[in-house]
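Each chain is listed here by its residues.
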Amino acid sequence: MAGYIERPLYLEAIRPFIDMPLVKILSGVRRCGKSTVLQMIRDELLKRGIAADRIISKQYTQMDMPAHMSAKQMYDDITEQMSGQSRYYLLLDEIQEIDGWERAINSLLEGTDVDIYVTGSNSKLMSSEISTYLTGRYITIPVYPLSYKEYLRFKEPSDKSRRALLDEYIRFGGFPIVALSQLEAQQAYQVINGIYYTVVSRDIVNRHRINKQDLFDRVVKYIIDNIGKTFSANSIAKFLKSEHRSISVESIYNYLRWLEQAFIIYPCERYDINGKNILKTQEKFYLSDVALKYALLGFNRTMLDGVLENLVFLELKRRGFQVFVGKDGSKEIDFVATRRDEKIYVQVCVQIPTGSAREVGNLKNIRDNYPKYVVTLNDLDVGIEDGIKIVHAEDFLLSETW
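Sequence order as written defines the numbering, with residues in each chain counted from 1. A pLDDT threshold of at least 70 governs which residues receive local features in this predicted model, and a stricter bar of 80 or more applies before side-chain atom pairs are shown or counted, although totals over entire chains, interfaces and linings include all residues. Hydrogens and water are ignored here; the side-chain numbers use all heavy atoms of the structure.

Asker: Residues and numbers for the pattern of salt bridges, please.
Answerer: Think of a salt bridge as a Lys or Arg side-chain nitrogen and an Asp or Glu carboxyl oxygen that are within 4 Å of each other. Taken as a whole and judged by the stated rule, the model has 28 salt bridges. Where Arg 339 meets Glu 342, a salt bridge forms, and the shortest distance between an N and an O atom there is 3.0 Å. On the basis of relative accessible area, Glu 342 is assigned to the partly exposed category, the value being 34%. Several salt bridges converge on common partners, so that one network encompasses Arg 30, Glu 97, Asp 203 and Arg 207. For each residue, the accessible area found with a 1.4 Å probe, counting protein chains only, is set against the maximum for its type, and the residue is called buried under 20%, exposed over 50%, and partly exposed in between.

Shown next, in the form of structure tokens:
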């Protein structure tokens, strides 16, 4: 019996690449479950008849390795465990902790018979040197905190209704450590706060030698407070100036980039539906987990529209869609999502305001036959209007296809 709850989505994504001469890179925010996915891969290999002594697992968190371990030490440590001519399977966790890990992986790939799986919590470190050392010989599989479907699986068995569990998911987000516990809100947010500050202090402040952490924290809080709204580095600088704090636009761009690289936030570019081109201004940002917002700013109901939008954005990303904010003349569509030859349009609102044409009306203006949805938390809004499906968030998040 596995000592974890399975997340089949990731195993399905990895299976086609087992034994292919590609490095499989699992990347995502800390504590989103990447180590568990490695355990799932290990169990899959054992089921396929791979001997346990042919699977080498390493965890490169700071407590598990010598201080300042070099890529050469990493390489030597792994090759010392390999003997004979058979293939080895390497499961290497939080590999970004090793400076120059790409060189070691490249040497292993070229000089030994190995199948390699790695995880990392920083996208820069997952791509900067890769193009030099691993050109065309790696695939990246993004790992996210739990989807609502996974959350329900983590909560089995439960005496709560699915709607009650949806409310819980909206309040507590999808970090597996929180889903597996029975914590009160305050305790849950303490745990999430701990995850956030580990990422911020270890992966951002220390790594990038930020010496004005109070200013950095203020910028981050502004960004998190404005998740799902368009803003620019200039508007943040102006806002801080009104608080008598001075910061350069360049510093704000750096902060945004570093938060992105640590998977705290994801960018969502704007897409001109008529001109069919991506616009380079006024992008939006969404959080890797909605509970990060409550952990930093507290919870109140006025946040719900933005939070629901964030959950829908993440679900689209999980399913492999490219996600954009749609611009249709002066009107806005919350999401235009594309995946190969598929496209869907999505508006999100807790409930459709009486007398408002924005949610349905903006979609009616789009003259193509791709599916159009309004996602809401209000059962009384649900139905079909002029071919536009108005669906409850629970049904949207659990739907196999859209």
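Asker: Which residues make up the pairing of strand E6 (residues 265-272), and what are the values?
Answerer: Of all eight residues in E6, six are buried; the element is thus mostly enclosed. Bridge analysis of E6 against strand E8 (residues 322-328) gives three bridges, and the strand direction is parallel. Within E8, the residue paired with Asp 272 across the bridge is Lys 327. Each helix is a run of DSSP H or I of at least 4 residues and each strand a run of E of at least 2, with the numbering of both proceeding from the N terminus. Criterion used throughout: strands pair if DSSP finds at least two bridges between them.

Asker: I'd love a proper account of the pairing of strand E1 (residues 23-27), names of residues and values included.
Answerer: In terms of burial, E1 is largely enclosed, as five of its five residues are buried. Because side chains alternate across E1, one face comprises the buried residues Val 23, Ile 25 and Ser 27, and the other comprises Lys 24 and Leu 26, equally buried. Note: E1 against strand E5 (residues 138-142), five bridges, orientation parallel. Residue pairing in the sheet places Val 23 in a bridge with Tyr 138 of E5. Pairing between E1 and strand E4 (residues 114-120): four bridges, direction parallel. Counterpart to Lys 24 in the pairing with E4 is Tyr 117.

Asker: Could you give an account of helix H10 (residues 213-225), naming the residues involved and the relevant values?
Answerer: Because the α-helix completes a turn every 3.6 residues, residues three or four places apart line up on one side. A helix's residues, less one, multiplied by 1.5 Å, set its expected span. The terminal C-alpha atoms of H10 lie 18 Å apart, and with 13 residues this matches the ideal 18 Å at 1.5 Å per residue to within 8%. Taken together, the buried positions of H10 are Leu 215, Phe 216, Arg 218, Val 219, Val 220, Tyr 222, Ile 223 and Ile 224.

Asker: Just give me the short version of the packing of helix H3 (residues 71-80) against helix H4 (residues 101-111), but keep the residues and values in it.
Answerer: Under this scheme, a helix contributes an axis fitted over its contacting stretch, all axes are lines through C-alpha atoms, and angles between N-to-C directions fall in the 0 to 180 degree range. For the pair H3 and H4, interaxial distance at closest approach is 8 Å and the crossing angle is 35°. Judged by the twist between their axes, the crossing of H3 over H4 is right-handed. Contact with H3, carried on its side by Ala 71, Met 74, Tyr 75, Ile 78 and Thr 79, involves Trp 101, Arg 103, Ala 104, Ile 105, Ser 107 and Leu 108 of H4 and no other residues of that element. Of the residues that constitute the contact of H3 with H4, the class distribution is eight nonpolar, two polar and one charged. Helix crossings fall into two classes, left-handed where the near helix is turned counterclockwise from the far one by less than a right angle and right-handed where it is turned clockwise. Whether two residues are in contact is decided by their heavy atoms: any pair within 4.5 Å suffices. Under the scheme applied, nonpolar residues are Ala, Val, Leu, Ile, Met, Phe, Trp, Tyr, Cys and Pro; charged residues are Asp, Glu, Lys and Arg; polar residues are all the others, including Gly.

Asker: How would you sum up the packing of aromatic side chains? Please name residues and give values.
Answerer: Only the six-membered ring of Trp is used, alongside the rings of Phe and Tyr, when aromatic pairs are assigned; centres must lie within 6.5 Å, and planes under 30 degrees apart are stacked while those over 60 apart are edge-to-face, with the rest tilted. Under the criterion given, the structure shown has 20 aromatic pairs. For the ring pair Tyr 255 and Trp 258, a centre distance of 6.1 Å and an interplane angle of 45° mean the geometry is tilted. In this pair, Tyr 255 and Trp 258 both sit in helix H12 (residues 249-261), three residues apart, roughly one turn of the helix. Given a relative accessible area of 12%, Trp 258 falls into the buried group. A cation sits over an aromatic face here: Lys 24 above Tyr 117, 4.7 Å from the ring centre. Definition used: whenever NZ (Lys) or CZ (Arg) falls within 6 Å of the ring centre and also within 35 degrees of the ring normal, the charge is taken to sit over that ring. The positively charged end of Arg 171 is found above the aromatic ring belonging to Phe 299, 3.9 Å away from the centroid.

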